[in-house]
Structures are given as C-alpha cells and as structure tokens.
Number of protein chains: 2
Amino acid sequence: MAATVVATHERADAAERILRAAIALFRERGYHGSSMRTLARALRMEAASLYYHFASKQDILFAILDRTLDGLLDGVGRAVAAVDGPPARLRAAVRFHVLFHAHRQHEAFLSGSELRSLTQANLRLVLARRDEYERVFRGLLSVGARAGVFQVGDVRLTAMAILTMCTGVATWFSDRGRLAPESIADRYVEMILRSVTRHPKGSPS
Amino acid sequence: MAATVVATHERADAAERILRAAIALFRERGYHGSSMRTLARALRMEAASLYYHFASKQDILFAILDRTLDGLLDGVGRAVAAVDGPPARLRAAVRFHVLFHAHRQHEAFLSGSELRSLTQANLRLVLARRDEYERVFRGLLSVGARAGVFQVGDVRLTAMAILTMCTGVATWFSDRGRLAPESIADRYVEMILRSVTRHPKGSPS
DNA sequence: GTCTATACTGAGATAGAC
DNA sequence: GTCTATCTCAGTATAGAC
C-alpha cells in the first residue's frame, strides 16, 4: 500500500503515466478534442494498450477529476485546521486554493472546464464533492460575518466571487511568468481580505 | 444596411439563427463535442445546408467569438466614456463587464473556454482584441494608482483578478437564480472597489 | 502488458439535383 | 437556399496473437 501512495511523484506506474499525459492533452485540446490515438502517441504506445489500464476515455477523465477533488478537499481541510479565527482561516483557505491552482494548474483547470464532458452519473459524483468544497468557504464567510469581523452582503455570492477569481489562476498562470505562486497567493489573499473585512470607520462604496 | 443591423434581436436571417443555435450547442457540449449534424438538427435542417452560410465549423466559432469581442470592446468604451474619474470609471467598466457576462452569458462563456479550439490564425486575431480589452482595465487601475485613489500592488495581476472574477459570472449565472444581473453587478462593483481603494487610516492586511 | 488488425460509427465537407 | 447522397477520414473500442 505504501508503495502505491509514493508513486505519485516518483516511479510512475503505467496508469499514472497515462493520467499525467491525459491531463496535459485534455488541457491543451479539451476532452472531445483529444483522441485516444493522440494520447497513446504521446506515451509512445498504441491506443489499444490504453484499454488495458482504463475501460474508457471517460474513465480517464473521471479519474483525473476525482483525484483533483481529493487534493482540494484534503488540502483545504488541513489548511483551515492549522489556524484559528475567521480571518486567519480565510487567509489559509484562499492561500491554499491559489497555490493549488498554480502548482496543479492543468488538472485544476480541467476540473472547471470539463465538467460538461462527464457522463451524468460521473457528474453527480464530482459535483457533490465540489459543493462540499465550496461549503468550506461559505462556512468561513458566515462565521466571520456573524462574529462581526467580515462585512459580507451575500455569503453565497461572495464565496463564488472568491472561488472563481482564484480558480482563474489556473487559466493564466505560467511557470516562466513574472510572478511566483507565492507572490500571487499573497496578493490574492490581501485583495480578498480587504474586500470582506469590516471597516470600523466607514467603508468606501 | 440598417436592416442587417436590426436583425440581431428581431427577425433573424439564416446566418443569425445558425450562430445563435451554435452558441447554445457549443456552450453545452463544447466545440469539439458538437457536430454539424447536431447543430443542423437543432435548426431542423440538414448539415449540408449549413455550408451554404458558413464555409466551415471553424468559421462559425470564429464568427461567434468575433462578434462577442465587438460587443465587449464597444460596450466598455461607451461605459467608461460616460463618466469621469478613476473610481467611477472602474465602477462603470466592472458593471458593464458583469452585466455583459450575465446577459450574453453563453457567448461570453465561449470566448473564454473555446479559444483553444480556434486555428492559429483565428486565435491571433481574437487574442489581439482581447488584449486590447484587458488594457482598458489595466489603464483604469494605473491612472487611479498614480492619482493616489487606488492602492494596487501589481496592476497586471489586479486586472487579471478582477476580470477572471467577473468573467466567472458567465459560468454560474442563471436566469432563474436568486440574484438578478443588476444585483450581482452591484455587489461585484462594491467588492472590487473595496479591494483596490486606498484606505487613508491604515488598511487591513 | 503491449501489440496488430479491424469492427463500427460518426465526423467534416462536397457534388449536384431541385 | 435546402435537399439527398456520398466521399474520406478519424473516432472509440474490441479480439486475439505474442
């Protein structure tokens, strides 16, 4: 069991290699724009060989999104649990979300853009867990608003605004760009906390 | 000439009807996930008939994105020109952007999600005009920062953050949802102005 | 576990009748 | 301006050898 867990960033087994190549390909051309033949070519194998590891192209997409959600739910849980109080927790959650969307950019991008390519059954599974993730952010905003440290007109809308803003990082981030993930996260955290923090002396509007 | 201009929301000629059906279809299944046969079926015609109006499926996608960019560039220009001063102008630009992404939700969504489905030549044309649009927002932030009314750590990053946050409205907005476009725009304008406005008495961070 | 060969379906696009 | 018929190619997936 330990061996299979370690595999993620070390000696990748065949299924791992396939998923990684699929992430890159789907990200570049989209799910429907990518063929099993093209995916196989990137891996220097024949298309038929892919079917030994995955039952279908749809299964590959689902595996990618499912693992990405594992990472998101697990990560935000740890980040939030490590600190106390609504502002620190929101900072931690936003920071994690931005870093995840920079470091695991391609899979994170797919989790937003290829939902429509899932079968109904798979979509239900993915959406249920995505809702769970969003509830974490809504929860943080609600608690902060009730405690009087946040000023949030509409919790759901604010959560969507925060999440889509940070998720967008996956669409434009570049390894070779001007800003490192840490810098982007710092700025995003600052912007977001400014926009939800209650200002004692009269806020601009 | 007047007649063709009027057509957009009235008696749609064949090309118009095709574009509108394509917007709905591409939005739902993606460009590569949509076939000319399916598009034709939605219009109750045969696939071959589409080729009388458009030379290729790619031309349909390009026409959609091109027209959407017309709307964005034209609209933001008018919105910004109507008021004075960086805060009012940023408000107007954000407001327009949000309303556009709610009212013309599907085409706006495609302009973000289907760039990768364009041919290289078409992509160049679209990206050039999208850059032009983004420059409007960067310009507003720069002017406000220099005037001392905005506090913006990084103009480019802030512009990206604002735009991706507002563009995200096209991904989740629903006609039958809880909030009207106007309400969403109001809240977004408020959040964004809070996050960029310089606070004289010491800002939270 | 990967291959060759292939079944079967649907894709984009064109020709030419009406 | 829309149709029927069709070309050509690429798609997902399977069978069965090695």
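Residues numbered from 1 in each chain as written. Chains lettered and ligands numbered in written order. Predicted model: local features only at pLDDT ≥ 70, side-chain atom pairs only at ≥ 80, totals over all residues. Heavy atoms only, no water.

Let us look at the protein's contact with DNA strand D. Taken together, 15 residues form the shell around DNA strand D, and within it Met 36 and Arg 37 of chain A together with Glu 46, Ser 49 and His 53 of chain B come nearest. Sugar and phosphate atoms represent 55% of those atoms of DNA strand D found within 4 Å of the protein. Within the backbone of Glu 46 of chain B, one N or O atom sits 2.7 Å away from a phosphate oxygen of DNA strand D. Among the secondary structure elements, those contributing two or more residues to the surface near DNA strand D are α3 (36-42) and α4 (47-53) of chain A together with α4 (47-53) of chain B. Element by element, the count of residues in the surface near DNA strand D is highest for α4 of chain B, at four residues. Looking at the surface near DNA strand D, its residues break down into six nonpolar, five polar and four charged. (Near = heavy atom within 4 Å. Polar contact = N/O pair within 3.5 Å; in protein donor to acceptor, adjacent residues only side chain to side chain. Helix = DSSP H or I, 4+ residues; strand = E, 2+ residues; numbered from the N terminus. Nonpolar A, V, L, I, M, F, W, Y, C, P; charged D, E, K, R; others polar.)

Before going further, it helps to spend a moment on the pattern of salt bridges. Applying the stated rule across the entire model yields 26 salt bridges over all chains. With a closest N to O distance of 2.2 Å, Arg 95 of chain B and Glu 182 of chain B form a salt bridge. Placement of Arg 95 of chain B in helix α6 (residues 86-103) and of Glu 182 of chain B in helix α11 (residues 181-196) is noted, with a sequence separation of 87 residues between them. On the basis of relative accessibility, which here comes to 37%, the residue Glu 182 of chain B falls in the partly exposed class. Salt bridges sharing partners connect three or more residues here, namely Glu 16, Arg 20 and Arg 67 of chain A. (Salt bridge = Lys/Arg side-chain N within 4 Å of Asp/Glu carboxyl O. Buried < 20%, exposed > 50% of the residue type's maximum accessible area, 1.4 Å probe, protein only.)

Time to look at the relation of the copies chain B and chain A. Relating one copy of the chain to the other takes a rotation about an axis and a shift parallel to that axis. When chain B is fitted to chain A, the best match, at an RMSD of 0.0 Å, comes from turning it 180 degrees and sliding it 0.0 Å along the axis. The transformation just described matches what one would write down for a two-fold rotation axis. Considering only C-alpha atoms, the part of chain B nearest the rotation axis is Met 165 of chain B, at 2.0 Å. By residue overlap, the copies meet face to face through one surface: 100% of the interface positions of chain B are interface positions in chain A. (Least-squares fit on C-alpha atoms with pLDDT ≥ 70 in both. Contact = heavy atoms within 4.5 Å.)

Residues and elements named next belong to chain A. Partitioning chain A into structural domains gives domain 1 (1-54) and domain 2 (56-196). With centres defined by C-alpha atoms, the gap from domain 1 to domain 2 works out at 25 Å. Taken residue by residue, the interface counts 15 residues in domain 1 and 18 residues in domain 2. Across the interface of domain 1 and domain 2, roughly 1,600 Å² is buried in total on both sides, 69% from carbon and sulfur atoms. If you sort the residues of domain 1 by the area they bury against domain 2, Ile 23, Arg 27 and Tyr 31 come out on top, with a joint share of 47%. The interface formed by domain 1 and domain 2 includes one salt bridge. For the pair domain 1 and domain 2, the number of links is seven residue pairs in polar contact (both at pLDDT 80 or more). Breaking the side of domain 1 that touches domain 2 down by element, the ones donating at least two residues are α2 (14-29) and α3. Per element, the largest residue contribution to the side of domain 1 that touches domain 2 is seven residues, and it comes from α2. For the side of domain 1 that touches domain 2, a count of residues per class yields 10 nonpolar, three polar and two charged. (Domains from an automatic or database assignment. Buried area = accessible area lost by both parts, 1.4 Å probe.)

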